[in-house]
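An overview of the molecular structure
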Amino acid sequence: MKGLLIKDCHLITQKKSTMIYYIFIAILFSFVTNGFMATAYLTMLGGFLSFNTLGYDEAENGYPFLMSLPVTAKAYAIEKHLFSALLLGLFWICAVILQGIFTAVRQGPEQFLSETASYSIYIPIFYTLISIMIPIELKFGLEKSRIVLLVFTGGLMAIFFIGASIIGSLPSDLSDLLPNLSDLPSSLIVAALLLLDAVIIAVCIACSIHIMEHKEY
Amino acid sequence: MIEIENLKKSYGDFTLDISLKVSDGSVTGLIGKNGAGKSTVMKAILGLIRPDSGTVSVLGKEARNLTAKDKEALGTALADSGFSQYLRAEEVIHILRNMYPAFDEEAFRRQCQKLELPLNKQIKEFSTGMRAKLRVLTAISHNAKLLILDEPTAGLDVLARNEILNMLRSYLEADPGRSILISSHISSDLEGLCDDLYMIDEGKLLLHEDTDRILGNYGILKLSESDYRRLDREHLIAAKKESFGYTCLTNEKQYYLDNYPGIIVENGSIDSVMLLLLGGKEE
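Residues numbered from 1 in each chain as written. Chains lettered and ligands numbered in written order. Predicted model: local features only at pLDDT ≥ 70, side-chain atom pairs only at ≥ 80, totals over all residues. Heavy atoms only, no water.

Counting its secondary structure elements, chain B contains 11 helices and 15 strands. With respect to the three principal axes, the spread of C-alpha positions in chain B is 70 × 40 × 35 Å. Evaluated residue by residue, chain B yields a buried proportion of 53% over its 283 residues. Residue pairs at least 24 apart in sequence account for 66% of intrachain contacts in chain B once pairs closer than 6 positions are excluded. Side-chain charges of chain B comprise 35 positive and 43 negative groups, with the mean position of each set lying 5 Å from the other. (Helix = DSSP H or I, 4+ residues; strand = E, 2+ residues; numbered from the N terminus. Buried < 20%, exposed > 50% of the residue type's maximum accessible area, 1.4 Å probe, protein only. Contact = heavy atoms within 4.5 Å. Lys, Arg positive; Asp, Glu negative; His and termini not counted. Charge placed at Lys NZ, Arg CZ, Asp CG, Glu CD.)

Shown next as structure tokens:
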């Protein structure tokens, strides 16, 4: 797996000029917007750069050779999720440091410390997103996965709006049975969301492994 | 090293149906025209496809169950697949160093220099010959017991092909226990390297024979219509109608030389055998 991680590190550093452009955009964001936007941008960038390595692997029929190297299909799938986590985390840390510098200069270090905790929300959000995208890309390939992702996103939005409208149309005595979120302690809500997130990520990793183990090259 | 028994794999109209064996310390060639099924055999050996039926055993294990550790003993060069072309040879060295405990970095760098492979150029900037050399060099760089080479010399000029064949000869000389399975549609490459040959067409095995026997015992008979009629055809494998009469393939050239002094008997070659087996009517 170490060899695969090194391969991916080399792959993401191939387009140095594009990287410099992205970093420039991040710095610009930090100037003109608040720290949240710039942190979100950089964290998301880390996730998408790691995701792009799948495209490099797939390009020019790369999979048959990669799978003939001393790696198993399972190890390959796990490495992709691990690499995403590492890169996303690294870019988040860089973003926080960048914001720290800007906020400390503009508003003082106390303001930065109070904001840092809230920046961490981006890690589970973007990692879940990338975790969902990886098995879709592994299953459908670079081209088809874009369409599948669009359909998937549309489906999720439809479920959300239909669910919301069903809850809204429930008789008041039935809707009273649903827990009022504002009454629950925020720590419980955060813990529940993180648990849900962990379950989604675990399912995505299991799907990626299953896809790779059953794929033919 | 490799044992394939009754492997069957279908893709639409195409069905591969083959048995094959590569012994320890031997070089086995797989020859056939484009689309004959050579790459499918290679993929089955590497566990990249699931057979519909039959077994594929590599280094004593089912191909699909090879672990990462098992795969360290394999060296692979595939015709249309390799490391991302955005990588540089220097980066390939870094990757291989962390993938194969037995990777010989010093020898790899030495060979790169000898073969004029630039370390700091992206692979996409390499010529076809340079890419092929890098693929073979990667396969032989980590003390593999078995090389699986799919068309390693395809599309190369005679000099580049010779360099690659010399690399393979050096690899074999270093340890007599090493084996190679190599596919090619360039018969001359296989003639000088392989101990035995499997000739396949449309997924089926046409011939399995020792290379020395093909070159020593096989012959092409050029016969008139009347010669063909009076000839003992027991040792003919295939015959093809021509304008002058018949061209026949035999695996007992000496028998016809001894018993039919008037007929033309040419030495067999892989190309002539293949041409007659593919185009001739079996006797």
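Residue and element names in this part refer to chain B. If you check the backbone angles, Glu116 has positive phi at about 60° while not being a glycine. Here Glu116 lies in the loop between helix H4 (105-114) and helix H5 (128-140). With phi around 60°, Asn143 is a residue other than glycine that occupies positive phi space. Relative to the elements of secondary structure, Asn143 occurs in the loop between H5 and strand E7 (146-150).

Time to look at the packing of aromatic side chains. Scanning the entire structure with this criterion turns up 11 aromatic pairs over all chains. Through a chain of ring-to-ring contacts, the aromatic side chains of Tyr63, Tyr76 and Tyr217 of chain A assemble into a single cluster. Across the ring face of Tyr228 of chain B, the terminal group of Arg233 of chain B is positioned such that the distance to the ring centre comes to 4.5 Å. Cation over ring: Lys241 of chain B sits above Tyr246 of chain B, and NZ or CZ is 5.1 Å from the ring centre. (Phe/Tyr/Trp six-rings, centres within 6.5 Å; stacked < 30°, edge-to-face > 60°. Lys NZ or Arg CZ within 6 Å of the ring centre and 35° of its normal.)

What follows covers the domain arrangement of chain B. All names here are of chain B. In terms of domain boundaries, chain B breaks down into domain 1 (2-210) and domain 2 (218-282). A separation of 34 Å is found between the C-alpha centroids of domain 1 and domain 2. Across the contact, 11 residues belong to domain 1 and eight residues belong to domain 2. Between the two partners, domain 1 and domain 2, sit zero salt bridges. Contributing elements (two or more residues each) for the side of domain 1 that touches domain 2: helix H7 (187-191), strand E9 (196-201) and strand E10 (204-210). Counted by class, the side of domain 1 that touches domain 2 contains five nonpolar, two polar and four charged residues. (Domains from an automatic or database assignment. Salt bridge = Lys/Arg side-chain N within 4 Å of Asp/Glu carboxyl O. Nonpolar A, V, L, I, M, F, W, Y, C, P; charged D, E, K, R; others polar.)

All names here are of chain A. Tallied over the entire structure, the rule returns 24 salt bridges over all chains. With a shortest N-O distance of 2.7 Å, Lys7 and Asp57 are connected by a salt bridge. In this pair, Lys7 sits in helix H1 (residues 2-12) while Asp57 sits in helix H3 (residues 35-58), placing the two residues 50 residues apart along the sequence.

A word on empty space enclosed by the protein. Inspection of every chain in the model, using the stated rule, returns two cavities of 30 Å³ or more. Here the largest cavity is characterised by a volume of approximately 50 Å³. Taken together, Lys7, Leu11, Tyr56, Asp57, Gly62 and Leu66 of chain A together with Gly82, Phe83 and Ser84 of chain B make up the full set of residues lining the largest cavity. Of all elements in the fold, only H1 and H3 of chain A reach the threshold of two or more residues within the lining of the largest cavity. Residue classes in the lining of the largest cavity are distributed as four nonpolar, three polar and two charged. Lining the second largest cavity, in full, are Tyr56, Ala59 and Glu60 of chain A together with Ser84, Gln85 and Tyr86 of chain B. Classifying every residue of the lining of the second largest cavity by side-chain character gives three nonpolar, two polar and one charged. (1 Å grid on protein atoms, 1.4 Å probe; cavity = no way out; pocket = protein on both sides within 12 Å on 5 of 7 lines; lining within 4 Å. Points joined across faces, edges and corners; volume = space filled by probe spheres on them.)

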